[in-house]
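Examining the three-dimensional arrangement
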Amino acid sequence: MFSKETYVRRRAELKELVGEGVIVLFGNNDSPANYPANGYAPFRQDSTFLYYFGQHRDGLVGVIDVDSNTEMLLGNDIDVEDIVWMGYTPSVADLAAEVGVTLTAPLSHLSKICGDCIASQRTIHFLPLYRHDTKIQLMDLLGIHPSQQKDAASLKLIKSVVKMRSTKTAEEIAYLEAACDVGYVMHTTAQLLIKPGVTERFVAGQVDGIARSLAQGVSFATIFSQHGEIMHGNPSDVQLEAGRLALCDAGCELNDYCSDNTRTMPVNGKFTQRQLEIYSIVEACHDYVLEVAKPGVKYQDVHMAVCRLMTERLKELGLMKGDTDEAVRAGAHAMFLPHGLGHMMGMDVHDMEGLGQIYVGFDDETRPNLEQFGTNCLRMGRKLEPGFVVTDEPGIYFIPHLIDLWRKEGHCKEFLNFDKLETYKDFGGIRIEDDLLITSDGCRFLGSKRIPYHPAELEEFMANNM
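The sections below set out a description of the structure shown in this document.

Scoring rules and cut-offs
Residues numbered from 1 in each chain as written. Predicted model: local features only at pLDDT ≥ 70, side-chain atom pairs only at ≥ 80, totals over all residues. Heavy atoms only, no water. Pairing = 2+ DSSP bridges. Helix = DSSP H or I, 4+ residues; strand = E, 2+ residues; numbered from the N terminus. Axes fitted to C-alpha atoms, helices over the stretch in contact; angles between N-to-C directions. Parallel < 35°, antiparallel > 145°, perpendicular 65-115°, else oblique. Left-handed = near helix turned anticlockwise from the far one by under 90°. Contact = heavy atoms within 4.5 Å. Phe/Tyr/Trp six-rings, centres within 6.5 Å; stacked < 30°, edge-to-face > 60°. Buried < 20%, exposed > 50% of the residue type's maximum accessible area, 1.4 Å probe, protein only. Lys NZ or Arg CZ within 6 Å of the ring centre and 35° of its normal. 1 Å grid on protein atoms, 1.4 Å probe; cavity = no way out; pocket = protein on both sides within 12 Å on 5 of 7 lines; lining within 4 Å. Points joined across faces, edges and corners; volume = space filled by probe spheres on them. Nonpolar A, V, L, I, M, F, W, Y, C, P; charged D, E, K, R; others polar. Polar contact = N/O pair within 3.5 Å; in protein donor to acceptor, adjacent residues only side chain to side chain. Arc of directions from axis to C-beta. Patch = residues over 30% accessible without salt bridge, like charges linked within 9 Å, V, L, I, M, F, W, Y side chains within 5 Å. Areas by Shrake-Rupley, 256 points an atom, 1.4 Å probe, with all protein chains shown as cover. Salt bridge = Lys/Arg side-chain N within 4 Å of Asp/Glu carboxyl O. Core = buried A, V, L, I, M, F, W, Y, C linked by side-chain atoms within 4.5 Å.

Quick word on the sheet that holds strand β18 (residues 443–445)
In space, the 3 strands of this open sheet follow the order β14-β17-β18, with antiparallel pairing throughout. Two strands bound the open sheet, and with one partner strand each, they are β14 (389–392) and β18. Taking the axes of each pair of neighbouring strands and ignoring which way they run, one obtains an average angle of 35 degrees across the sheet. Relative to β18, strand β17 (residues 434–438) runs antiparallel, the two being bridged by 3 bridges. Within β18, the residue paired with Leu-437 across the bridge is Arg-444.

Here it is as structure tokens:
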């Protein structure tokens with residue numbers, strides 16, 4: 001939690017950006033896992049509510065009246081039955097005071113606030129909601145069916161929140177650095193545990209345990225699999241096999257800020273020549289971003305520059321052919337890289353994605369290409385600014401079903417060597433990912449330590465436990 005002054009300043013800036021009306025920011029409610037008393041743990045507050053009101057308790061709503069320049073925290077004080085089970089929780093008034101809010105009221109008062117606004121035809125600004133309970137709550141308050149709420153959400157509020165949360169302050173960057181330092185422990189733990197005979201689930205469980213022990217928990221469900229060609233491969237009870245690659249994509253959440261890293265390791269601690277050839281291409285693409293990402297450059301252009309470099313190197317191996325620029329324009333590189341180079345990072349691992357990716361990752365100048373396979377998965381394309389935090393995560397994947405489909409359709413056949421691709425169907429996939437801060441004149445990776453990823457240092461590090 002930041003100082004009271006931070007939240008006061010943030011709400012004042014939000015009022016100035018929105019300009020008029022009443023802003024309603026819903027916190028999250030406790031969410032049951034499989035029956036009411038067994039909730040998902042730990043509780044996760046809505047990120048935008050946290051950004052402006054800072055409190056982690058469930059059942060809270062923040063109201064900002066721009067016209068009267070007043071702010072209110074609504075919620076019900078807990079009773080003795082809750083205290084018996086959960087321990088003492090400060091009153092809503094005490095919670096409000098901690099973040100510089102003087103007005104409080106029971107949650108039921110929100111109905112009167114919204115009713116008065118409707119009667120006087122005042123604008124009520126709300127963000128797109130993602131939980132069904134708050135969608136029902138909004139429907140009861142404003143009469144807007146959940147299926148219509150996304151379109152009814154305030155575009156002015158969305159753009160104002162995106163503008164503020166996109167640029168990270170020094171205190172936010174410090175929290176992100178701390179989360180990345182826990183990420184270092186998570187990934188190096190995985191690298192020391194990987195060996196033939198160990199299960200995917202065991203390694204992933206140890207990684208998750210680090211996040212729970214040193215931070216609030218994972219920032220997303222840990223991806224750990226020998227099938228690195230599957231973007232979101234869940235860990236299974238399958239044993240790791242010598243000669244294969246294991247991909248670990250994991251991060252933590254600390255002080256409400258996230259880390260997100262990916263490393264790909266040889267199970268027996270040493271790359272084969274074929275693995276090293278592909279790995280070195282991903283390594284080069286990952287490091288190339290440090291040279292080209294800077295303020296004023298579109299991340300879409302950085303993505304395309306990486307795709308051209310990848311295509312050139314794959315041509316050297318005989319997996320691609322033809323003119324590089326034409327191949328990239330045709331989307332042939334998406335056979336190997338079917339996702340974008342990265343996404344915004346911050347309080348959410350895909351920062352603010354719930355507000356609409358077109359507002360978070362794009363702007364009036366840079367629009368998404370929704371037609372081309374691969375390029376349509378680009379989450380971040382807009383012009384970079386100092387204080388932005390984005391992921392740098394190129395990868396090369398050999399997806400048997402995609403190879404078969406494109407070969408059957410003849411898609412991009414002038415740029416792809418399908419005969420050679422056939423011999424890579426058992427390869428898997430490689431991804432290397434780090435979190436990138438855009439600085440005043442360039443960029444740098446976050447975290448005080450770099451998780452080993454250069455082949456020689458990775459093999460040496462893993463050898464410590466082989």
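Moving on, there is more to tell.
A look at the packing of helix α9 (residues 170–193) against helix α10 (residues 200–214)
The geometry of α9 relative to α10 is characterised by a closest axis approach of 9 Å and an angle of 155 degrees between their N-to-C directions. With respect to α10, the axis of α9 lies roughly antiparallel. Crossing angle aside, the handedness with which α9 passes α10 is right-handed. Note on element contacts: α10 touches α9 through Phe-202, Val-203, Gln-206, Val-207, Ile-210, Ala-211 and Leu-214, opposite Val-182, Val-185, Met-186, Thr-189, Ala-190 and Leu-193.

What about the packing of aromatic side chains?
Counted by the stated rule, this structure contains 12 aromatic pairs. For the pair Phe-2 and Tyr-7, a centre-to-centre distance of 6.4 Å together with 45 degrees between the ring planes defines the contact as tilted. On the basis of relative accessibility, which here comes to 3%, the residue Tyr-7 falls in the buried class. Relative to Tyr-257, the ring of Tyr-175 has its centre 6.0 Å away and its plane inclined at 50 degrees; by these criteria the two rings are tilted. One end of the pair, Tyr-175, is in helix α9; the other, Tyr-257, is in strand β12 (residues 257–258), and 82 residues separate them in sequence. In this structure, Arg-10 packs its charged tip against the face of Tyr-51, placed 3.8 Å from the ring centre. The side chain of Arg-274 reaches across the aromatic face of Tyr-424, ending 4.6 Å from its centre.

Notes on the environment of Gln-121
Here Gln-121 shows up in the loop between α5 (109–119) and β7 (124–125). As a C-alpha pair, Gln-121 and Phe-461 span 340 residues in sequence and 65 Å in three-dimensional space.

Looking at unusual backbone geometry
Among all residues except glycine, the phi angle is most often negative; among peptide bonds, the trans geometry is most common. Following Ala-41, the chain continues into Pro-42 via a peptide bond in cis, with omega recorded as -5 degrees. Along the chain, the position of Pro-42 falls in the loop between β3 (38–39) and α2 (47–53). One non-glycine residue, Gln-121, lies in the positive phi region at around 60 degrees. Positive phi is not limited to glycine here, since Cys-412 has a value of about 55 degrees. Residue position: Cys-412 is located in the loop between α15 (400–409) and α16 (418–422). A residue is classified by how much of its surface remains accessible, and Cys-412, at 8% relative accessible area, is buried.

As for empty space enclosed by the protein
One pass over the structure, following the stated rule, counts 2 cavities of 30 Å³ or more. In this structure, the largest cavity occupies an estimated 60 Å³ of space. Lining the largest cavity, in full, are Met-1, Phe-2, Tyr-7, Arg-10, Leu-50, Gly-54, Tyr-175, Asn-255, Asp-256, Tyr-257 and Met-347. Of the voids in this model, the second largest cavity is the one considered here, and its volume is about 30 Å³. If you trace the second largest cavity, you find it lined by Cys-180, Tyr-184, Asn-261, Asp-434, Leu-446, Lys-449, Arg-450 and Ile-451. For the lining of the second largest cavity, the per-class residue count stands at 4 nonpolar, 1 polar and 3 charged.

Describing the pairing of strand β13 (residues 261–266)
Across the 6 residues that make up β13, a large majority, 6, are buried. Burial of the side chains of β13 extends over both faces: Asn-261, Arg-263 and Met-265 are buried on one face and Thr-262, Thr-264 and Pro-266 on the other. Here strand β10 (residues 245–250) runs beside β13; their pairing, made up of 6 bridges, is antiparallel. From the neighbouring strand, Leu-245 faces β13, where its bridge partner is Pro-266.

Here we look at the layout of surface pockets
In this structure, the largest pocket encloses a volume near 1,100 Å³. Taken together, 44 residues form the lining of the largest pocket, with Arg-44, Gln-45, Tyr-130, Arg-131 and Asp-348 sitting closest to its centre. Its residues assigned to classes, the lining of the largest pocket comprises 20 nonpolar, 13 polar and 11 charged. In this structure, the second largest pocket is lined by 21 residues; those nearest its centre are Asp-30, Asp-58, Ile-78, Asp-82 and Met-86. Ranked by the residues each element gives to the lining of the second largest pocket, the list is headed by helix α3 (residues 80–86), at 4 residues. In the lining of the second largest pocket, the residues fall into 9 nonpolar, 5 polar and 7 charged.

Structural notes on the side chain of Arg-57
Tracing the chain through its elements places Arg-57 in the loop between α2 and β4 (61–65). Of the polar contacts made by the side chain of Arg-57, one reaches the backbone oxygen of Asn-76; its length is 2.8 Å. Those residues within four positions of Arg-57 in sequence are excluded, and the remaining contacts are Phe-43, Gln-45, Asn-76, Asp-77, Ile-78, Thr-89, Val-92 and Leu-95.

Focus: helix α17 (residues 455–463)
Taken residue by residue, α17 has Pro-455, Leu-458, Glu-459, Phe-461 and Met-462 as its buried positions. One face of α17 carries all of its buried residues, which in axial projection span an arc of 160 degrees. Facing away from the buried side of α17 by over 90 degrees, the exposed positions are Ala-456 and Glu-460. Looking at the buried residues of α17, the elements they touch are α9, β13 and α11 (273–292).

A short note on a nonpolar patch on the surface
Taken together, the side chains of Val-80, Ile-83, Val-84, Trp-85, Met-86 and Tyr-88 make up a nonpolar region of the molecular surface, amounting to roughly 810 Å² of accessible area. Counting through the fold element by element, Tyr-88 comes out in the loop between α3 and α4 (92–98).

Considering the nonpolar core
If you look at the biggest cluster of nonpolar residues, it comprises 139 residues, and the most contacted ones within it are Ile-278, Tyr-299 and Phe-336. By residue number, the principal contributor to this core is α9, which donates 8 residues. Among residues more than four places away in sequence, those in contact with Tyr-299 are Val-289, Ala-293, Leu-341, Gly-342, Met-380, Gly-381, Arg-382, Leu-384, Val-390, Thr-391, Asp-392 and Leu-436.

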